[in-house]
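# An overview of the molecular structure
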Amino acid sequence: MAPETRTEQVSLRLLPQVKDILKQGASAAGQTLTDFMVTSSIARARELLRDERIISMSQAAFDAFSASLADPETRRAGPRAAHAIKEYAASLREDGTFG
Amino acid sequence: MVSPEDREAAAEMNIFLRRHALDQAKTGISRTFVLRDDQAEEPQRVVGYYSASAGHLQPRELPKVVSEQMTIPVVFLQRLAIDKDFQHRGLGTKLLVHFLVSLVRVADDIGVYALVLEPLNARVDAFYRQFGLFPLPEDPSHLYVRIRDVRAWLLAHGHGRLCDTGMRSP
């Protein structure tokens, strides 16, 4: 990704002991306090978002998606898929494990 | 070269498996499958995993009375990861095919139309696109493939070992 400029600012007040803990965590992670707070909260936000099980889309996008589901034409496997499926089938053992 | 994004991604994958996978499986929110190497010195060691759950797509502005046609049931592949010591051996690809086989089996019995996932980064995105997934309309951060197509691929390339030939809709 291209380097981007950080233009947004968040200011917050913390209890001194909370800041101390964060500083210790940052130093354990080898990061500045800011970087530590940013990377930690990004990871948590991504985690929560990844667990979302509903995707809302515009009516136009939803209609386009519905139409693509109804399209009778079978889409071809991508170049990686055919090979991967063959390999997997060949490596599958009777007990369901593969090697 | 490991980028900060890769490190963040790896951290998230590890946290999920250690902290949340079991809870989510117990409550039925998602299911996690782990890959182990039964020939290894440490056969209990998890070398990879994936977790998936059911969900749906819907238009942003829903009318007051929601009919079934207004949501589309899908399966989300939320995470698929291989331990860094075991990467670059094709294990992720094998795990993905394993998931697709069980997904097609499930979709035979319940109405699921597509698999949807959100690649962690550009490299993962390229991998899935080469596999045959497409971006959602107006939303390139999510990729999807129709179950119908996956079934056709397994039939065409699986030497008859991966799914029944008895075709059932959808």
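Throughout what follows, the structure given in this document is the object of discussion. (Residues numbered from 1 in each chain as written. Chains lettered and ligands numbered in written order. Predicted model: local features only at pLDDT ≥ 70, side-chain atom pairs only at ≥ 80, totals over all residues.)

Let's shift gears to the overall build of chain A. Counting secondary structure elements, chain A contains four helices and one strand. In sequence order, chain A lays out its α and β elements as α-α-β-α-α. Taking the principal axes of its C-alpha atoms as reference, chain A extends roughly 60 × 45 × 30 Å. A burial count over chain A gives 10% of its 99 residues as buried. (Helix = DSSP H or I, 4+ residues; strand = E, 2+ residues; numbered from the N terminus. Buried ≥ 20, exposed ≤ 12 C-beta atoms within 10 Å, placed from the backbone.)

The accessible area lost on association of the parts is a frequent measure of interface size. Taken together, the 37 residues of chain A in the interface contact 45 residues of chain B. For the side of chain A that touches chain B, the secondary structure elements donating two or more residues are helix H2 (33-50), strand E1 (54-57), helix H3 (59-70) and helix H4 (79-91) of chain A. Per element, the largest residue contribution to the side of chain A that touches chain B is nine residues, and it comes from H4(A). Sheet topology places E1(A) next to strand E2 (residues 46-59) of chain B; four bridges connect them, and they run parallel. By the bridge assignment, Met57(A) is partnered in E2(B) with Pro59(B). (Contact = placed C-beta atoms within 7 Å. Pairing = 2+ DSSP bridges.)

For the rest of this paragraph, the subject is the packing of helix H2 (residues 91-109) of chain B against helix H4 (residues 147-157) of chain B. Angle between the axes and distance between the axes are the two parameters that describe a pair of packed helices. All names here are of chain B. Between H2 and H4, the shortest axis-to-axis distance is 10 Å and the interhelical angle comes to 120°. With respect to each other, H2 and H4 are oriented oblique. Considering how the two elements wind past one another, H2 and H4 form a crossing that is left-handed. Residues Leu100, Val101, Leu103, Val104 and Ala107 of H2 touch H4, and the partners they reach there are Ile147, Val150, Arg151 and Leu154. (Axes fitted to C-alpha atoms, helices over the stretch in contact; angles between N-to-C directions. Parallel < 35°, antiparallel > 145°, perpendicular 65-115°, else oblique. Left-handed = near helix turned anticlockwise from the far one by under 90°.)

This next bit is on the environment of Leu77(B). All names here are of chain B. Tracing the backbone shows Leu77 in strand E3 (residues 72-82). Residue Leu77 is classed as partly exposed on the basis of its 19 C-beta neighbours within 10 Å. Sequence separation of Leu77 and Leu96 is 19 residues, and the distance between their C-alpha atoms is 9.5 Å. Once you skip the residues sitting within four places of it in the chain, Leu77 turns out to touch Tyr50, Ala52, Phe99, Leu115 and Leu117.

To continue, consider the packing of H4(A) against H2(B). It is at 9 Å that the axes of H4(A) and H2(B) come closest, and there the two elements cross at 80°. By the criterion of interaxial angle, the relationship of H4(A) to H2(B) is roughly perpendicular. Contacts between H4(A) and H2(B) involve Ala84(A), Ile85(A) and Tyr88(A) from the former and Thr93(B), Lys94(B), Val97(B) and His98(B) from the latter. Split into classes, the residues belonging to the contact of H4(A) with H2(B) amount to four nonpolar, two polar and one charged. (Nonpolar A, V, L, I, M, F, W, Y, C, P; charged D, E, K, R; others polar.)

So, on to the pairing of strand E6 (residues 139-146) of chain B. Residue and element names in this part refer to chain B. Judged from the four bridges that link them, strand E4 (residues 114-117) and E6 form a sheet pairing that is antiparallel. Bridge pairing in E6 places Leu115 opposite Val145. Note that strand E5 (residues 134-136) and E6 share three bridges and pair antiparallel. By the bridge assignment for E6, Leu136 is matched with Asp139.

Here we come to unusual backbone geometry. All names here are of chain B. Even without glycine at this site, His88 takes up a positive phi of about 65°. Examined against the element boundaries, His88 turns out to sit in the loop between E3 and H2. Phi angles above zero are rare outside glycine, and Glu138 is one such case at about 65°. Topologically, Glu138 is positioned in the loop between E5 and E6. With 12 C-beta atoms counted inside 10 Å, the residue Glu138 sits in the exposed group.

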